[in-house]
Amino acid sequence: MSAPVQLPTHPAQWINVADAEAAAKVALPPAIWDYIAGGAEDEQTMHANRAAFARRLLRPRMLVDVSAVETATTLLDAPVAFPLIVAPSSLHRMYHPDGEAGTYRAASRVGALMTVSSAGSTPLEEVAQAADGMRWFQLYCFRERAMYGTFVEAAAAAGYRALVLTADVQILGRRERDMRNNFVLPAGVRMANFERRFAGLPDGTAHAHLMNVANPAITWDDLAWIRSLSDLPLVVKGILTAEDARLAVEHGAAAIWVSNHGGRQLDCAPATLDILEEIVEAVDGRAEIVLDGGVRRGTDILKALALGARAVAVGRVPLYGLAAGGEAGAFAVLEMLRNELQTAMMLCGVLSVASVPRSLVKTA
Ligand code: FNR
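Being a predicted model, the structure only gives us computed values, none of them experimental.

(A) Just the packing of helix α1 (residues 17–27) against helix α14 (residues 316–348), in detail. Between α1 and α14, the least distance of the axes is 10 Å, while the angle of their chain directions is 175°. Relative to α14, the element α1 lies roughly antiparallel. From α1, Val17, Ala20, Glu21, Ala23, Ala24 and Ala27 reach across to α14, where they touch Val317, Tyr320, Gly321, Ala323, Ala324, Val333, Met336 and Leu337. Taken together, the residues of the contact of α1 with α14 sort by class into twelve nonpolar, one polar and one charged.

(B) Spatial organisation of the sheet that holds strand β6 (residues 135–140). Spatial ordering of the closed barrel is given by β4-β5-β6-β7-β8-β9-β10-β11, a layout of eight strands whose pairing is parallel. For this sheet the average axis-to-axis angle between neighbouring strands, irrespective of direction, equals 25°. Taken together, the three bridges between strand β5 (residues 113–116) and β6 define a ladder with parallel strand orientation. Bridge assignment links Met114 to a residue of β6, and that residue is Arg135.

(C) Focus on the site of the ligand. Close to the ligand lie 24 residues; Pro88, Ser117, Tyr140, Thr166 and Asp292 are nearest. Ser90 places a main-chain nitrogen or oxygen 3.3 Å from a nitrogen atom of the ligand. Contacts to the ligand include Arg316, whose backbone N or O atom sits 2.9 Å from an oxygen atom. Relative to its unbound accessible surface of 610 Å², the ligand loses 99% to contact with the protein. Among the elements of the structure, α2 (30–37), β6 and α14 are those that each provide at least two residues to the shell around the ligand. Of the residues contributing to the shell around the ligand, the split by class is eight nonpolar, eleven polar and five charged.

(D) Molecular detail of the packing of aromatic side chains. As enumerated under the stated definition, the model contains ten aromatic pairs in all. Between Phe137 and Phe151 the ring centres are 5.5 Å apart and the planes differ by 35°, which places this aromatic pair in the tilted class. With Phe137 in strand β6 and Phe151 in helix α6 (residues 145–157), this residue pair connects regions lying 14 residues apart in the sequence. Each member of the pair Phe137 and Phe151 is classed as buried. Grouping aromatic residues by their ring pairs yields a cluster made of Phe137, Phe142, Tyr148, Phe151, Tyr160, Phe194 and Trp225. Over the aromatic face of Tyr160 sits the side chain of Arg135, whose NZ or CZ is 5.4 Å from the ring centroid. Lying over the aromatic face of Trp225, Arg145 brings its terminal NZ or CZ to 3.8 Å of the ring centre.

(E) Focus on the side chain of Gln138. Assignment of secondary structure puts Gln138 in strand β6. Within polar-contact distance, the side chain of Gln138 engages the side chain of Thr166 at 2.9 Å. Those residues in contact with Gln138 that lie beyond four places of it in its chain are Pro88, Thr115, Val116, Ser117, Ser118, Ala119, Val164 and Thr166.

The rules we used
- Once a new chain begins, its residue numbering starts again from 1 and follows that chain's sequence as written.
- Note on the predicted model: pLDDT of at least 70 is required for a residue's local features to be given, and 80 or more for side-chain atom pairs to be given and counted; whole-chain, interface and lining totals, by contrast, use all residues.
- Side-chain measures here rest on the full set of heavy atoms in the structure, leaving out hydrogens and waters.
- Lines fitted to C-alpha atoms define the axes here, with helix axes fitted over just the stretch in contact, and angles between the N-to-C directions of these axes take values from 0 to 180 degrees.
- Working definition: helices are DSSP H or I runs of at least four residues, strands are E runs of at least two. Numbering for both runs from the N terminus.
- When an angle is under 35 degrees it counts as roughly parallel; over 145 it counts as roughly antiparallel; between 65 and 115 it counts as roughly perpendicular; any other value is oblique.
- Contacts are assigned to residue pairs that have any heavy atoms within 4.5 Å of one another.
- Side-chain classes are defined by residue name, with Ala, Val, Leu, Ile, Met, Phe, Trp, Tyr, Cys and Pro counting as nonpolar, Asp, Glu, Lys and Arg as charged, and the others, Gly among them, as polar.
- In this description, strands pair whenever DSSP reports at least two bridges between them.
- One heavy atom suffices: a residue is near a molecule or strand as soon as one of its heavy atoms comes within 4 Å of it.
- Think of a polar contact as two N or O atoms within 3.5 Å of one another; within protein, one of them needs to be a possible hydrogen donor and the other a possible acceptor, and neighboring residues in sequence only count if both atoms come from side chains.
- Calculation of accessible area relied on Shrake-Rupley with a 1.4 Å probe; when residues are assessed, cover is drawn exclusively from the protein chains displayed.
- Ring pairs shown here join Phe, Tyr and Trp side chains whose ring centres sit within 6.5 Å, with only the six-membered ring taken for Trp; geometry is labelled stacked below 30 degrees between planes, edge-to-face above 60, and tilted in between.
- When accessible area is computed with a 1.4 Å probe and restricted to protein chains, residues below 20% of their type maximum are described as buried, those above 50% as exposed, and intermediate ones as partly exposed.
- Cation placement over rings: the criterion is NZ of Lys or CZ of Arg within 6 Å of the ring centroid and within 35° of the ring normal.

What follows is the structure, given as structure tokens:
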């Protein structure tokens, strides 16, 4: 009889992101696992994100001197060691006591940029003090104008280098796993940024917290006012069409973040990789482009760079690492992506992340 398969629960045993994902599923209470891993309604968009990567193949070039490939590049004119961004995600202390500070330390050590969520469980100032890697701060379309001011001022003072406006949460998507689980924040996990600024937020479901702040009436016309609050560049996250990419550029966005929120908002939205090229064409070099949704491999990063992204972001990946192994787990998954990207570059004859040829990718 063969020995039972041992699940690799320790970060040092993980070979790939899927190992961390499996370990996170074991480590987390089922309702919290569902909150991270689930998507909206039938989860078609969530699955489509992965399928879009699987449909693209790489066309490797041989006999190129790849003894020194370059993963360093710039993002919004600032140098980064590696074109990977930790996407904003809420409530890291719900997954592990290391929380947002642990994720940020891990990102900094690996050379990835961290986007800290306004729905975080650690005050943005405390996260900023945990490490010194590049950091951006994420804003929702808030209901109260005062909220923008207080967040923007605090983020600028704490050394965040850009603001990311999440445009795709006009209302929370219908996440049916959470509805079935009656998902509520565990005792002791707080929306630290909101609570610190605005007393009287209701206790209870995460949805209730967010609905209290989300403003469905925000339009493009509000962007100028948001931009006027600071000198920080503005990134618009949640763009899924060429039309909106053009509008974002016309309204002063420094970067367009192509995202369907990991399939957690509108189900039946397209896979991000499928629409990347139309957005790249519409933007025509006037802004930088970030893509997220379904990135689990170094080859995924390379495919997105070839199709025109300047950087790629991961939402669930660092959370799986954090949940199963704290800061060390988050570091392990991000480091795997860096190593996989380097390997893929060498095997493809790609010398720099800043110049990945379009011809590298073909659709199966
Ligand atoms: C998110 N996402 C998100 N986005 C955002 O702008 N603000 C936020 O607070 C959150 N919170 C959040 C929590 C959790 C648990 C997840 C999984 C995601 C979306 C996130 O930034 C990103 O767009 C997607 O996660 C990308 O897809 P992948 O990488 O998870 O497939």
